[in-house]
Amino acid sequence: MFPAPIQEAPAAKRYAYYALVAIALIFWLLPLMAVLLTSIRSLTELNEGNYWGMPKEWKFSNYIEVFQQTPMIRYMLNTVIITLPAVAGAITLATLAGFGLAKYKFRGNLLMFCMFVGGNFVPFQILMVPVRNMAVRMGLYDTFWALILFHLAFQTGFCTLFMRNFISTLPDALMESARVEGANEFQIFWSIILPLMRPALAALAVLIFTFIWNDYFWALVMVQSDAVKPVTTGLSALRGEWVASWQLISAGSIIAALPPVAMFFLLQRQFIAGLTLGAVK
Amino acid sequence: MNSPQQSVSLAGEAALPSKRRGISIHLVPWIFMAPAVIVFAIYVVIPIFQSFWLSLFDWDGLSPTKKFIGIGNYTALFQDEQFWTSIKNNIYWLILFLFGPVIGLAIAILLNQKVRAMRIVKSLFFFPFVLSGVVIGLVFSWFYEPSHGLLNTILGIFGLPQIAPLSDEHLVTFSIIAAGLWPQIAYCMILYLTGLTAVDPEQIEAARIDGARGLRMLWHVIIPQLRPATFIAVVVTVIGALRSFDLVQVMTDGGPFGSSSILAYFMFQQSITNFRMGYGAAIAVVLFLIMSVFIAFFLRHMIRNERG
């Protein structure tokens, strides 16, 4: 193990280590703690200039105020309406495609794989004008579908890479024996491969959920009305209205960040498994 | 990842059940891939070519006719001061973002211990990665706020001069990059933590017996074994640096006076705010070409790995 286990070090060194970790962590989270502290302060206190002392009163009502005074609930709901179908769609298409790429040798296999992987890395700007025009022409501009379809299609690239690599690790012998018993390729996929995919599906779903939940660029380009706006562009618009009401901006930011953060803490193992795919060879 | 692929298209083809049902085995993978290939082509592959084409036109995005102007957008672009400012800032982003893997590795080494509560400490270091760019932009805008922000409060405590990171044109890009590094370091850290678990303990023991310790051990034994993690960390960092958009848009709108603009933001501004879609497409093409170098590098590495 590297570095050498700290438990075996002398006591002084051990305590120095704990102190170092604690200090590093505090510095690391400093900007965030500032926002947390501000979100529970009253406006009067901020006006008095008490920014960083202990709050005189803990004003959790800032959070309620955000919901009462702004369409925050609507924005959150919009994000859910956009995110869930896009996640489900991308994963479904990618599981099928990943199976095709992982378990069949055919001309163009590597080319298709490179298309998915390379496409996944292109800058959004090279897609922006044509994709936006297409949405306008199809009458989808400023609707949920504009975002759902784009995210679904784009994330299919990353998901296919992920699924293809995962399915490659499943032994071919499973498929062979099913073939000998007379199963066709689609039955093999459905009853042999798919049941083994559960951990990969979970890992991928958590990861893609976060990616789409946090999207800002496409929301900016594809939708504009409050009825469809997701929480990212919603929050950014509210900031323009609130100007200097930092207690509300802070509370709003925390509300917007909560779902992906909660998801991460609940499903940490899946999340990290998805993210670090390929970090160990 | 490198399990031998099966060649169903070779031996015993005629005996395969799919044949009986009238579907050639050659078609099977394409049937599985068709939906993904179609949506990906429509939304990703074809638009890339369309952008190249569109960059040869003068178009406001609204009028039904586009005016062909050849390379006019590009010649205008190369004379646009804002373009060169954006390129310069993109280079800053690219270089400074490489602190992501370096600091990420340092934190990973710090945290790679099996002591109580380490799991939660690791999660706390990692979780900025799951925050959206908008939230990070707002968090740092508040942190940098000149009159009441925490940064100036801390500088004040140590008697240092006050700064206005986001309205000083010499500081602004670096201040945004620092905010962008926050989640990027977290990402690299988690890649290295995973990499460290796979380091061969026998080699470490052998090196210890040979008297290697600390930095020597790190440099000669650990880092070579972390190559896969380093490769991915550098790739995602470079791509992330060139893709950055959210923070600039949220924190400064490219300001003050366009000094924090980067290509991704410049493109958005020209096409959406100024209705210069053809010009925007030309900027996108330049950004795409820069990124293609890195994408090609990544694909080449990946293909080599596949062929093993």
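Keep in mind it's a predicted model, so treat the numbers as computed, not measured.

A. Summary view of the interface of chain B and chain A. Counting residues at the interface gives 92 residues for chain B and 91 residues for chain A. Here the side of chain B that touches chain A takes 18 residues from helix H2 (residues 28-54) of chain B, the largest share from any one element. Class assignment for the residues of the side of chain B that touches chain A results in 68 nonpolar, 20 polar and four charged.

B. Structural view of the packing of helix H7 (residues 144-168) of chain A against helix H10 (residues 198-213) of chain A. All names here are of chain A. Contact geometry for H7 and H10: axes closest at 11 Å, N-to-C directions at 150 degrees. Here H7 is positioned roughly antiparallel relative to H10, judged by the angle of their axes. As for how H7 packs across H10, the hand of that crossing is right-handed. Contacts between H7 and H10 involve His151, Gln155, Cys159, Phe162, Met163 and Phe166 on the former and, on the latter, Ala200, Leu204, Ile208, Phe211 and Ile212. Taken together, the residues of the contact of H7 with H10 sort by class into nine nonpolar, two polar and no charged.

C. Local environment of the packing of H10 of chain A against helix H13 (residues 246-266) of chain A. Residue and element names in this part refer to chain A. Remark: H10 packs on H13, axes separated minimally by 10 Å, with the N-to-C direction vectors making an angle of 165 degrees. In terms of orientation, H10 lies roughly antiparallel with respect to H13. Seen from above, H10 lies across H13 with left-handed handedness. On H13, the residues that touch Val206, Phe209, Thr210 and Trp213 of H10 are Pro259, Pro260 and Met263. In the contact of H10 with H13, the residues fall into six nonpolar, one polar and no charged.

D. Spotlight on the domain arrangement of chain A. Residues and elements named next belong to chain A. Per the domain assignment, the segments of chain A are domain 1 (6-63) and domain 2 (70-275). Each of domain 1 and domain 2 was reduced to a C-alpha centroid, and the two centroids are 34 Å apart. Taken together, the contact between domain 1 and domain 2 spans nine residues of the former and nine residues of the latter. The set of elements that each furnish at least two residues to the side of domain 1 that touches domain 2 consists of helix H1 (11-39), helix H2 (43-48) and helix H3 (61-69). Sort the elements by how many residues they give to the side of domain 1 that touches domain 2 and H1 lands first, with four residues.

E. Spotlight on the nonpolar core. Membership of the largest hydrophobic core comes to 172 residues, with the highest contact counts inside it found for Phe150 and Ile208 of chain A together with Met189, Tyr192, Ile283 and Leu287 of chain B. Shared between two domains, this core takes at least three residues from each, and those domains are domain 1 (6-63) and domain 2 (70-275) of chain A. The contacts of Ile283 of chain B, once residues within four sequence positions are left out, are Leu77, Leu263, Phe266, Met267 and Gln270 of chain B.

F. Up close: the environment of Leu56 of chain B. All names here are of chain B. Structurally, the position occupied by Leu56 is in the loop between H2 and strand E1 (57-58). What makes Leu56 buried here is the crowd of 20 C-beta atoms within 10 Å. For the pair formed by Leu56 and Asp246, sequence separation is 190 residues and the distance between their alpha carbons is 27 Å. Residues within four places of Leu56 in sequence aside, it is in contact with Phe68, Ile69 and Gly70.

How each quantity is defined
- Residues numbered from 1 in each chain as written.
- Chains lettered and ligands numbered in written order.
- Predicted model: local features only at pLDDT ≥ 70, side-chain atom pairs only at ≥ 80, totals over all residues.
- Contact = placed C-beta atoms within 7 Å.
- Helix = DSSP H or I, 4+ residues; strand = E, 2+ residues; numbered from the N terminus.
- Nonpolar A, V, L, I, M, F, W, Y, C, P; charged D, E, K, R; others polar.
- Axes fitted to C-alpha atoms, helices over the stretch in contact; angles between N-to-C directions.
- Parallel < 35°, antiparallel > 145°, perpendicular 65-115°, else oblique.
- Left-handed = near helix turned anticlockwise from the far one by under 90°.
- Domains from an automatic or database assignment.
- Core = buried A, V, L, I, M, F, W, Y, C linked by C-beta atoms within 7 Å.
- Buried ≥ 20, exposed ≤ 12 C-beta atoms within 10 Å, placed from the backbone.

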